[in-house]
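Single-letter residue listing:
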Amino acid sequence: TPRSKSQISGPMPAHDAKTQGIIAFLQTQAETAPALEADYSQMVDLYSRKLWHQLTMLLEAFVAKSDTADHLLPLYETFITDFKVKLNKLALARLQIAVAQQYKEPEKVAFFGTAIAEEARKDDAEALMYILSEIGRLLLGFGQVAECKERLDEATTVMERLAGVDVTVSASYYRAWAAYYKIKGPAAEFYKNALLLLAYAPLSEMSHDEGVTISFDLGIAALVGEKLYNFGELLEHPVVSVLEQTEYAWLAHLLRAFNAGDIDQYESLVAQHHHELEAQPALLSNTNFLKEKITLMCLTETLFQRIGPTADRTVSFAHIAAASKLPVEQVELLLMRALSLQLIRGVIDQVDQTVRIAWVQPRVLQQSQIALMTERLKSWCGTVNSTLTMLDSLTPEFAT
């Protein structure tokens, strides 16, 4: 049996009519939801004693509960609005976004979002950035892409004026942009913003479903994204481990094959997992692009083997053709494509059918590549020492 109102609130000092009305509202809410009675009782106590910080913490815990959704709108309109000026602005923004999530119509979300953004614009740029990001993401969920972009552009302008931003606000900002680019494209922008999101909101802090979703989306974006020809950073990230523990393990294997430029492994994976690949529209519609991409990554990996102090940087077309499984007559076109994408720099000799490599796009190195560079540097050091010893023996008068 619910307690009486006097039992819930306990002995209280005399209050004005407005305060009495708010307390009566909280007591009524407690009576209609016995499971939340203790929370409402605490709200009455903390509100009566004007303990705003403790009340803020209680409210944030309250809105995070799974069974409070139906209570948030009346709680905000009748209770929180009475003392919101007393609250930390970012904490208030989090409460307001929890309320905004309860609206079922985009017009109401937009109206409420505009109102709370105007309030935050006067008081706190960080809270404003958070509100714009979250309202933008909510509108995106209703299919209002342009309205989302408008708010995210303003959030970007706000962020550029801030010297430092709370981690949760940065996570909200990049989560919203990642969601936008997932729908609108391009894939490379989604890839960049999703990685930035994970810098502020690690997978360990996400729900299992969100972690798997963003890991999968990142993997697909890496494959189909233009100008993304180095997956080293992604392969060193826990997202790959997450994929390997799910039914999407094939995607992790595919990313490793691409990063290594291993055409044989790529073809083997395509044959083995063609049903999974065909189920992904982004991969299916980019079949030719993926073939070109693995060939270019094979080229850069082949040429990387020739970069170093002691390496022979002149590579024959025949060597490249064998590695990339292309006819020799197509190698020049491949090199020109790589040069245009700024994956490599060098000089093509059409007469001798060779290319002299001056530079290969910097990349995050795997352990095997680091080992190769270590051996190259050791060899170079040995050559330098040998040359120095020879010069000393030939010119003893300069020896000290």
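Residues numbered from 1 in each chain as written. Predicted model: local features only at pLDDT ≥ 70, side-chain atom pairs only at ≥ 80, totals over all residues. Heavy atoms only, no water.

Structural notes on helix H16 (residues 263–272)
Then step 1. Burial in H16 covers these residues: Ile263, Tyr266 and Leu269. The buried residues of H16 all sit within an arc of 125° when viewed along its axis, so they share a single face. Facing away from the buried side of H16 by over 90 degrees, the exposed positions are Ala271 and Gln272.
Then step 2. Buried residues belonging to H16 abut helix H15 (249–260), helix H17 (274–278), helix H19 (287–304) and helix H20 (317–324).
Then step 3. If you check the start of H16, you find a side-chain oxygen 3.3 Å away from the backbone N of Asp264, and it comes from Asp262. (Buried < 20%, exposed > 50% of the residue type's maximum accessible area, 1.4 Å probe, protein only. Helix = DSSP H or I, 4+ residues; strand = E, 2+ residues; numbered from the N terminus. Arc of directions from axis to C-beta. Contact = heavy atoms within 4.5 Å. Polar contact = N/O pair within 3.5 Å; in protein donor to acceptor, adjacent residues only side chain to side chain.)

A few points about the pairing of strand E3 (residues 354–360)
On a regular strand, one side chain projects to one face of the sheet and the next to the other, so that they alternate.
Then step 1. Bridge count between strand E1 (residues 314–316) and E3: three bridges; the pairing is antiparallel. Within E3, the residue paired with Val315 across the bridge is Val355.
Then step 2. Bridge count between strand E2 (residues 344–349) and E3: six bridges; the pairing is antiparallel. Following the sheet pairing, Asp349 is matched in E3 by Thr354.
Then step 3. What sits between the antiparallel neighbours E2 and E3 is a turn of four residues, in which Gln353 has the positive phi angle 60°. (Pairing = 2+ DSSP bridges.)

Things to note about the sheet that holds E2
Then step 1. Pairing is antiparallel in the open sheet, where three strands are placed in the order E1-E3-E2. With partners counted over all chains shown, the strands left at the sheet margins are E1 and E2, one partner each. Adjacent strand axes in the sheet meet at a mean angle of 30°, parallel and antiparallel pairs treated alike.
Then step 2. Running over the sheet, H19 touches E1, E2 and E3 and is turned about 85° from E3.
Then step 3. Against the sheet, helix H21 (residues 331–340) makes contact with E2 and E3, and its axis sits at roughly 145° relative to E2, the strand it touches most. (Axes fitted to C-alpha atoms, helices over the stretch in contact; angles between N-to-C directions.)

What about a nonpolar patch on the surface?
Then step 1. Where nonpolar side chains cluster on the molecular surface, the patch consists of Leu377, Trp380 and Val384 and spans about 270 Å² of accessible area.
Then step 2. Mapped onto the elements of the fold, Leu377 is located in helix H22 (residues 367–394).
Then step 3. Leu377 sits in the partly exposed class, given a relative accessible area of 43%. (Patch = residues over 30% accessible without salt bridge, like charges linked within 9 Å, V, L, I, M, F, W, Y side chains within 5 Å. Areas by Shrake-Rupley, 256 points an atom, 1.4 Å probe, with all protein chains shown as cover. Salt bridge = Lys/Arg side-chain N within 4 Å of Asp/Glu carboxyl O.)

Topic: the packing of helix H2 (residues 17–32) against helix H5 (residues 69–83)
Then step 1. Where H2 contacts H5, the two axes come as close as 10 Å, and the packing angle between them is 160°. By the angle between their axes, H2 is roughly antiparallel relative to H5. Crossing angle aside, the handedness with which H2 passes H5 is left-handed. Together, Lys18, Ile22, Phe25, Leu26 and Gln29 of H2 and His71, Pro74, Leu75, Thr78, Phe79 and Asp82 of H5 make up the contact between the two elements.
Then step 2. Looking at the contact of H2 with H5, its residues break down into six nonpolar, three polar and two charged. (Parallel < 35°, antiparallel > 145°, perpendicular 65-115°, else oblique. Left-handed = near helix turned anticlockwise from the far one by under 90°. Nonpolar A, V, L, I, M, F, W, Y, C, P; charged D, E, K, R; others polar.)

Description of the packing of aromatic side chains
Then step 1. Counting across every chain of the model gives 18 aromatic pairs.
Then step 2. Where Tyr47 meets Phe83, the ring centres are 5.8 Å apart and the plane angle is 50°; that geometry is what we call tilted. One end of the pair, Tyr47, is in helix H3 (residues 37–48); the other, Phe83, is in helix H5, and 36 residues separate them in sequence. In this pair, the class of Tyr47 matches that of Phe83, namely buried.
Then step 3. Geometrically, the ring pair formed by Tyr180 and Tyr181 is edge-to-face, given 5.2 Å between the ring centres and 75° between the ring planes. You'll find Tyr180 and Tyr181 in the same group, each marked buried.
Then step 4. Members of the aromatic cluster, connected to one another through ring pairs, are Tyr173, Tyr174, Trp177, Tyr180, Tyr181 and Tyr200.
Then step 5. Positioned over the ring face of Tyr229 is Lys293, at 5.4 Å from the centre of the ring.
Then step 6. For Arg345, the ring lying beneath its charged end belongs to Trp359, and the centroid distance is 4.1 Å. (Phe/Tyr/Trp six-rings, centres within 6.5 Å; stacked < 30°, edge-to-face > 60°. Lys NZ or Arg CZ within 6 Å of the ring centre and 35° of its normal.)

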